Amino acid sequence: MSIALFRIDDRLIHGQVVVGWGKPLNARFIVLVDDGVRASDVEQELYRMGVPPEIEVMFASTTEARQRLPDWERDPRIGILVLGDINTLAALTGNGHGVNRVNVGGLHHRPGRSERLRYVYLTDEEAAQLRALAARGVEVTAQDVPTARPVPLEDFT
Amino acid sequence: MSDPLRGVIVSHAAVAEALLTAVAAITGVNDALVPVSNDGCDTGALTERLIRAIDGRPAVLFVDLPGGSCLTSSVRLARGRADVAVVTGVNLAMLLDFVFHRDLTPADAARRAAEAGSRAIRTPAA
């Protein structure tokens, strides 16, 4: 195991990811999976600014991530993979590569979403997507920082 | 004469509000700064808060950390604009200097604030 945390967070790389999770996990690489960021050098530079030099940051499109995930999982370093929405997660987990745990770390208010937890807002369709993942054997919990209690999927969908 | 600069403090949790209160307590100036917290925001919602805080005026955005959601939203908003500048590592010293030097361009005010903030970081002999 080298990707220790698969995280859905619409803020992508930020303090909770780099410090909150990165420090206790001793993460040495972060993969950001987002088609828009992957296509923009300027956006990539913005996200790099929040990461200390000892942690490598990699950017991937959804398609690239599907191909490269086995390599990241074989990496001897500990890593974090972060993506911003449930559709991207569904695209990744549909590859049969064996993601077995997903952390919902931050999905915030948008039109059509309702509050499920202080830091998790979902549409009914998104909640159903998460339940479908769980039905395929993926353990889905919500937890913003490591010191918080992991909230089981059934308690927020 | 153009509008004096507005300072927008952009932070996690209640840091921005606390800094604003401290500046007002020390200087009596209470119309130069606006606090914005990223609480409960994705990047789009935070950008909307920043736009409301700037309110169409020339501004300097004082961001708490040199990375993360507060910075990314601030830099995206300021990109390509001469009327908005960004400083990271906000501290009380830089804000105290800023509120009395609001007649500069945003870029000059940002540079000045960064220097004032840096000068305040010391390790005095105990």
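Residues numbered from 1 in each chain as written. Chains lettered and ligands numbered in written order. Predicted model: local features only at pLDDT ≥ 70, side-chain atom pairs only at ≥ 80, totals over all residues. Heavy atoms only, no water.

## Re the overall build of chain A
Counting its regular elements, chain A contains six helices and nine strands. The C-alpha radius of gyration computed for chain A amounts to 15 Å, which stays within 12% of the reference 15 Å derived for 157 residues, consistent with globular compactness. Dimensions of chain A along its principal axes, counting C-alpha atoms only, are 40 × 30 × 30 Å. Evaluated residue by residue, chain A yields a buried proportion of 52% over its 157 residues. A separation threshold of at least 6 residues defines the contact pool for chain A, and within that pool the share at least 24 residues apart is 68%. (Helix = DSSP H or I, 4+ residues; strand = E, 2+ residues; numbered from the N terminus. Rg over C-alpha atoms; globule rule 2.2 N^0.38 Å. Buried < 20%, exposed > 50% of the residue type's maximum accessible area, 1.4 Å probe, protein only. Contact = heavy atoms within 4.5 Å.)

## Comments concerning helix H3 (residues 41–48) of chain A
Taken residue by residue, H3 of chain A has Glu43, Gln44, Leu46 and Tyr47 of chain A as its buried positions. Buried residues along H3 of chain A cover an arc of 155° about the axis, so they all sit on one side. Residues of H3 of chain A that are buried make contact with strand S2 (29–33), helix H2 (35–38) and strand S3 (56–60) of chain A together with helix H3 (69–78) of chain B. (Arc of directions from axis to C-beta.)

## Digging into the side chain of Gln44 of chain A
All names here are of chain A. With respect to the helices, strands and loops of the structure, Gln44 is situated in helix H3. Using a relative accessible area of 9% as the deciding quantity, one classes Gln44 as buried. A polar atom in the side chain of Gln44 sits 2.9 Å from the backbone oxygen of Arg38. Ignoring any residue separated from it by four or fewer positions in sequence, one finds Gln44 in contact with Val37, Arg38, Ala39 and Phe59. (Polar contact = N/O pair within 3.5 Å; in protein donor to acceptor, adjacent residues only side chain to side chain.)

## Let's talk about the pattern of salt bridges
All names here are of chain A. Counted according to the given criterion, the structure contains 16 salt bridges over all chains. With a shortest N-O distance of 2.7 Å, Asp71 and Arg74 are connected by a salt bridge. Remark: Arg74 and Asp71 occur in helix H4 (residues 62–74); sequence separation between them is three residues, near one turn of the helix. (Salt bridge = Lys/Arg side-chain N within 4 Å of Asp/Glu carboxyl O.)

## Here's the deal with the sheet that holds strand S4 (residues 84–88) of chain B
Residues and elements named next belong to chain B. The strand order S2-S1-S3-S4 describes an open sheet built from four strands, whose pairing is parallel. The open sheet has two edge strands, strand S2 (33–37) and S4, and neither has a second partner. Sheet twist, expressed as the average angle between the axes of neighbouring strands with direction ignored, equals 20°. Sheet topology note: the strand S1 (residues 6–11)/strand S3 (residues 59–63) ladder contains five bridges and is parallel. The partner of Ile9 across the bridge, within S3, is Phe62. Helix-sheet contacts for helix H2 (residues 43–54) involve S1, S2, S3 and S4, and the interaxial angle to S2 is about 170°. Here H3 sits on the sheet and contacts S1, S3 and S4; the angle it forms with S4, its principal contact strand, is near 155°. (Pairing = 2+ DSSP bridges. Axes fitted to C-alpha atoms, helices over the stretch in contact; angles between N-to-C directions.)

## Looking at the confidence of the model for chain B
Here chain B shows a mean pLDDT of 95. Residues at 70 or above account for 99%. In the predicted complex, the global pTM is 0.89; the interface-specific ipTM is 0.80. (pLDDT = per-residue confidence, 0-100.)

## Focus on the nonpolar core
In terms of nonpolar packing, the biggest core is built from 33 residues, with Ile8, Trp72, Leu81, Val104, Leu130, Val140 and Phe156 of chain A touching the most fellow members. For Ile8 of chain A, the contacting residues outside a window of four places in its chain are Leu83, Gly84, Asp85, Ile86, Leu89, Val102, Asn103, Val104, Gly105, Gly106, Leu107 and Leu130 of chain A. (Core = buried A, V, L, I, M, F, W, Y, C linked by side-chain atoms within 4.5 Å.)

## Quick look at the interface of chain B and chain A
Taken together, the 13 residues of chain B in the interface contact 13 residues of chain A. Around 1100 Å² of area is buried between chain B and chain A when both sides are counted, 56% of it from carbon and sulfur atoms. Linking chain B with chain A are three salt bridges. Between Asp42 of chain B and Arg110 of chain A there is a salt bridge, and its shortest N-O distance comes to 2.8 Å. The interface formed by chain B and chain A includes four residue pairs in polar contact (both at pLDDT 80 or more). (Buried area = accessible area lost by both parts, 1.4 Å probe.)

## Some words on H4 of chain A
Residues and elements named next belong to chain A. Its 13 residues give H4 an end-to-end C-alpha distance of 19 Å, which sits within 8% of 18 Å, the value for a rise of 1.5 Å per residue. Taking the largest bend as the criterion, H4 deviates by roughly 55°, centred on Arg68, and proline Pro70 comes between one and four positions later. For H4, the full list of buried residues reads Thr62, Ala65, Leu69 and Trp72. Buried residues belonging to H4 abut strand S1 (3–9), S2, H2, S3, strand S4 (79–83) and helix H5 (86–93). (Expected span 1.5 Å × (residues − 1). Bend = angle between axes of the 7 residues up to and from the residue.)

## Examining the environment of Gly56 of chain B
All names here are of chain B. Structurally, the position occupied by Gly56 is in the loop between H2 and S3. A residue is classified by how much of its surface remains accessible, and Gly56, at 71% relative accessible area, is exposed. Sequence separation between Gly56 and Asp31 is 25 residues; the distance between their C-alpha atoms is 15 Å.

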